[in-house]
Amino acid sequence: MHVWEVSSEYNEKESVVDQILTSRGITSRDEKELFLKPPSFSYWFKRLPKELLGSLKEARDLIKDSISEGVPIIVHGDYDADGICAVAILYKTIKEELGYEKVYAFIPNRFEHGYGLSEKSIEASLDKVKSNGNHGNALFITVDTGITSVEEVKQIVKAGHKVIITDHHQKPSELPLANAVVWYDQVVGATVSFLLSISLGLKNTDLMAYSCVATITDLQPVLGFNRTIVKKGLEIINEKPPLGIKSLLEIAGRATTGVTTGDLGWVVGPRLNASGRVEDPSLALDLLLEKDPEESLKIAWKLNQVNSQRQDKTVEMFEIAEELSEEEIPKIILSHNENYHEGIIGLVASRLAKKYHRPAVVISTLEEVSKGSVRSIQGINIIKALREAEELFTSLGGHPMAAGFSIKREDIPKLQKFLEEYSQKNITEDMLVRKLAIDLSIPAKIIDEKLLNKLDLLRPFGMGNREPVFASNKLNVTGVNIVGKQQNHLSLRLLDGDKLIKAIYFNYADYQKEEISTGDTINVAYTLKRNEYNGRVYTDMVVKDIRGVET
Ligand SMILES: [Mn+2]
């Protein structure tokens, strides 16, 4: 059961789309126009901050100089989908568009090198350059990482190499003394990489598809510049998808047309991330760089396998973590176990936070210095909380909604004590109540295909631009059916006056135990879905929550 937070009530004099935009803070004519007709890439490019445009030029000149001098170039990324896409974009630009052979892609392996730019990853990437017969100095370009790597950059420069940092993560007070720093926090690492590629003269803007994938998987708000990237990226993915993305969708049994941000978030993203979580992330990079369709399918198949392993491990670990005392679940869940796989703890924390609607800390205690991952809920700033116990951690970083840390195993009981005390003082029961944000309360009788078509103008949906949620009151239940292979979905026929609407409540059994029967009157919170059947288009409700109305 959720507390419904209805943003606004229906006004029949105004269009539904207008009312939704207004309730989301997009109020003026111009803002609405810009939202409904996202401008071109170059519109945003021209409006980038001056400092960023300047640093892009610096970086471009350094790269061009290195190319004309024959200096080997290392594109150094990170092991998540954003880091991998960022590498693919810049690597392809330098190799294929600029035709420069001496460029090497490097993605750290979290188990061997740790995360981001590190002493070990610098060594390993230089080894790669040397093993290809290059000696002397190199140019390092970091993508999606490096903005906090003050010491590592010193080390690179001291050894006589040059280094360009490109990143979007939070800027520290002390910046690394690199030869150029390209930083922009309004987009993902892959888009920063794309901006640099455009500056280098990239013509093949199809690489924007990777920026689009990364924007969704890195959970960036799909607004402003990102909205343009995602919209154009989806067009590319639907018209002429990059081979690797196409292979992943095919292997996962998804159609390669009508691809939405949902497919990128739930199908493509997890498979690109899986290899970095459980073994070697270079498999995902291989997929993005492969040009042979048969090979591409083989790699996609392997990634699919790794993703299944990852799913099994997540379920296993979640089962261990779920052995919480059901009577009183702590306000901040803490679960630690030596059987927890380091690459999966974030996924388990996120499931716990979602299921119990409270912050969750999951620690893999296999090593003396244990790794922890944290997920929070709206309204509880978890990084702020953890910073109050900073001395307990050997490293700590993150955002209000998610964090990661390392901790000595012996200090975990102290962390547990701190979390208990912190939640007692700072987290009220009220903060743990589930809230359902509803855009607009509408009479169900206005629902039709025309409305659905108008709502399509709000696409693509994602973070910061969720699919509109409506509420309709006092609907009569005229039919109830349990459906689905596992008999876990509820199918309803609802009547508002003489308007009949079909509604589906997925995984109903998980959420709601109480009975609903024919003759009941209910209030429903829902999104709308197009349902084509026998050549006719129906507009169905996808239920988010149901309230029984006392009669
Ligand atoms: Mn990133």
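Residues numbered from 1 in each chain as written. Predicted model: local features only at pLDDT ≥ 70, side-chain atom pairs only at ≥ 80, totals over all residues. Heavy atoms only, no water.

Examining the overall build of the protein chain
Phase 1 of the analysis: Within the protein chain, the secondary structure is distributed over 19 helices and 17 strands.
Phase 2 of the analysis: In terms of overall dimensions, the protein chain is globule-like: its C-alpha atoms have a radius of gyration of 25 Å, near the 24 Å expected for 551 residues.
Phase 3 of the analysis: The principal-axis extents of the C-alpha atoms in the protein chain amount to approximately 80 × 55 × 45 Å.
Phase 4 of the analysis: Within the protein chain, the proportion of its 551 residues that are buried is 50%.
Phase 5 of the analysis: For the protein chain, the accessible area works out to roughly 26,600 Å², and carbon and sulfur atoms hold 48% of it.
Phase 6 of the analysis: In the protein chain, which carries 68 positive and 78 negative side-chain charges, the distance between the mean positions of the two groups comes to 5 Å. (Helix = DSSP H or I, 4+ residues; strand = E, 2+ residues; numbered from the N terminus. Rg over C-alpha atoms; globule rule 2.2 N^0.38 Å. Buried < 20%, exposed > 50% of the residue type's maximum accessible area, 1.4 Å probe, protein only. Areas by Shrake-Rupley, 256 points an atom, 1.4 Å probe, with all protein chains shown as cover. Lys, Arg positive; Asp, Glu negative; His and termini not counted. Charge placed at Lys NZ, Arg CZ, Asp CG, Glu CD.)

Thoughts on the coordination of the manganese ion
Phase 1 of the analysis: The manganese ion binds to the protein through Asp 82 (OD), Asp 144 (OD), His 168 (NE2) and Asp 218 (OD), with metal-donor distances spanning 2.1 to 2.6 Å.
Phase 2 of the analysis: Written as a sequence motif, the donor residues of the manganese ion are D-x61-D-x23-H-x49-D. Remark: His 168 occurs in the loop between strand E5 (162–167) and strand E6 (180–183) and Asp 144 occurs in the loop between strand E4 (139–142) and helix H7 (150–158); sequence separation between them is 24 residues.
Phase 3 of the analysis: For His 168, a relative accessible area of 8% translates into the label buried. (Donors = N, O, S within 2.8 Å, 3.2 Å for Na, K, Ca; no water.)

Thoughts on the packing of aromatic side chains
Phase 1 of the analysis: Under the defined criterion, the tally for this structure stands at eight aromatic pairs.
Phase 2 of the analysis: Here the aromatic rings of Phe 41 and Phe 45 are separated by 5.9 Å at their centres, their planes lie at 35 degrees, and the arrangement is tilted. You can see Phe 41 and its partner Phe 45 sitting in helix H3 (residues 41–46), four residues apart, about one turn around the helix. Across the pair, Phe 45 and Phe 41 agree in class, each one buried.
Phase 3 of the analysis: Ring geometry for Tyr 43 against Trp 44: centres 5.1 Å apart, planes inclined by 85 degrees, an arrangement best described as edge-to-face.
Phase 4 of the analysis: Clustering of aromatic rings is evident, with ring pairs tying together Phe 41, Tyr 43, Trp 44, Phe 45, Phe 194 and Phe 225.
Phase 5 of the analysis: Over the aromatic face of Phe 35 sits the side chain of Arg 227, whose NZ or CZ is 3.7 Å from the ring centroid.
Phase 6 of the analysis: Positioned above the aromatic ring of Phe 318, the side-chain terminus of Arg 351 is 5.1 Å from the ring centre. (Phe/Tyr/Trp six-rings, centres within 6.5 Å; stacked < 30°, edge-to-face > 60°. Lys NZ or Arg CZ within 6 Å of the ring centre and 35° of its normal.)

Quick word on the pairing of strand E3 (residues 103–106)
Working note: regular strand, side chains alternate between the two faces of the sheet.
Phase 1 of the analysis: Residues Val 103 and Ala 105 of E3 are buried on one face, and the alternating residues Tyr 104 and Phe 106, pointing to the opposite face, are buried as well.
Phase 2 of the analysis: Two strands pair when backbone bridges link them, and strand E2 (residues 73–76) and E3 are joined in this way by four bridges, in the parallel orientation. Across the sheet, His 76 pairs through a bridge with Phe 106, a residue of E3.
Phase 3 of the analysis: Considered for its hand, the β-α-β crossover made up of E2, helix H5 (residues 81–97) and E3 is right-handed. (Pairing = 2+ DSSP bridges. Right-handed = clockwise from strand over helix to strand, strands pointing away.)

Re the packing of helix H14 (residues 293–321) against helix H15 (residues 345–356)
Phase 1 of the analysis: Packing of H14 against H15 leaves a shortest axis separation of 9 Å and a crossing angle of 55 degrees. Between H14 and H15, the interaxial angle falls into the category oblique. Of the two possible hands of crossing, H14 and H15 adopt the one that is right-handed. Facing H14, whose interface residues are Arg 310, Thr 314, Val 315, Met 317, Phe 318 and Ala 321, H15 presents Ile 345, Leu 347, Val 348, Arg 351, Leu 352 and Lys 355.
Phase 2 of the analysis: When its residues are assigned to classes, the contact of H14 with H15 shows eight nonpolar, one polar and three charged. (Axes fitted to C-alpha atoms, helices over the stretch in contact; angles between N-to-C directions. Parallel < 35°, antiparallel > 145°, perpendicular 65-115°, else oblique. Left-handed = near helix turned anticlockwise from the far one by under 90°. Contact = heavy atoms within 4.5 Å. Nonpolar A, V, L, I, M, F, W, Y, C, P; charged D, E, K, R; others polar.)

Describing the sheet that holds strand E11 (residues 402–408)
Phase 1 of the analysis: Sheet architecture is open: five strands sit in the order E7-E8-E9-E11-E10, paired in mixed fashion. Looking along the sheet, the strands with just one partner apiece sit at the ends: strand E7 (333–337) and strand E10 (393–398). Pairwise comparison of adjacent strand axes, ignoring direction, gives a mean angle of 15 degrees for this sheet.
Phase 2 of the analysis: Pairing geometry for E7 and strand E8 (residues 360–364), over five bridges, is parallel. Paired with His 336 across the bridge in E8 is Ile 363.
Phase 3 of the analysis: Strand contacts of H15: E7, E8 and strand E9 (369–375), with the helix running at about 35 degrees to E9, the strand carrying the most contacts.

Considering the pattern of salt bridges
Phase 1 of the analysis: Enumeration according to the criterion identifies 21 salt bridges in this entry.
Phase 2 of the analysis: Glu 33 serves as the salt-bridge partner of Lys 37, at 3.2 Å between the closest nitrogen and oxygen.
Phase 3 of the analysis: On the basis of relative accessibility, which here comes to 42%, the residue Glu 33 falls in the partly exposed class.
Phase 4 of the analysis: Across the pair Glu 342 and Lys 371 runs a salt bridge whose closest N-O atoms are separated by 3.6 Å. Of the two residues, Glu 342 is situated in the loop between E7 and H15 and Lys 371 in strand E9; the sequence distance between them amounts to 29 residues. (Salt bridge = Lys/Arg side-chain N within 4 Å of Asp/Glu carboxyl O.)

A short note on the environment of Glu 342
Phase 1 of the analysis: Overall, Glu 342 belongs to the partly exposed group, its relative accessible area being 23%.
Phase 2 of the analysis: In this structure the C-alpha to C-alpha distance between Glu 342 and Lys 120, which are 222 residues apart in sequence, comes to 19 Å.
Phase 3 of the analysis: Beyond its immediate sequence surroundings of up to four residues, Glu 342 is in contact with Arg 110, Phe 111, Ser 364 and Lys 371.

Here's the deal with the pairing of strand E14 (residues 489–496)
Phase 1 of the analysis: Buried residues dominate E14, accounting for six of its eight residues.
Phase 2 of the analysis: Sheet topology places strand E13 (residues 470–483) next to E14; seven bridges connect them, and they run antiparallel. Note that in E14 the partner of Val 477 across the bridge is Leu 494.
Phase 3 of the analysis: Bridge count between E14 and strand E15 (residues 499–505): seven bridges; the pairing is antiparallel. For Leu 495, the partnering residue across the bridge sits in E15 and is Leu 500.
Phase 4 of the analysis: Hairpin connection, E14 to E15: the antiparallel pair is bridged by two residues, and Gly 497 has positive phi, about 65 degrees.

With respect to the state of the cysteines
Phase 1 of the analysis: Enumeration according to the criterion identifies zero disulfides in this entry.
Phase 2 of the analysis: Here Cys 85 is not cross-linked by a disulfide; its sulfur's nearest cysteine counterpart is in Cys 212, at 9.4 Å.
Phase 3 of the analysis: Residue Cys 212 is classed as buried on the basis of its relative accessible area, which comes to 0%. (Disulfide = S-S within 2.5 Å.)

Observations regarding the packing of helix H4 (residues 50–69) against helix H8 (residues 189–199)
Phase 1 of the analysis: Packing of H4 against H8 brings their axes to within 9 Å, and their N-to-C directions diverge by 65 degrees. For the crossing formed where H4 meets H8, the hand is right-handed. Of the residues in H8, those in contact with Leu 52, Leu 56, Ala 59, Arg 60 and Ile 63 of H4 are Leu 195, Leu 196 and Ser 199.
Phase 2 of the analysis: Taken together, the residues that form the contact of H4 with H8 break down as six nonpolar, one polar and one charged.

Notes on the domain arrangement of the protein chain
In many reports, interface size means the accessible area that the parts give up when they come together.
Phase 1 of the analysis: Each domain of the protein chain was delimited in the assignment, giving domain 1 (3–24 + 439–550), domain 2 (42–205) and domain 3 (322–432).
Phase 2 of the analysis: A straight line from the C-alpha centre of domain 2 to that of domain 3 covers 33 Å. (Domains from an automatic or database assignment.)

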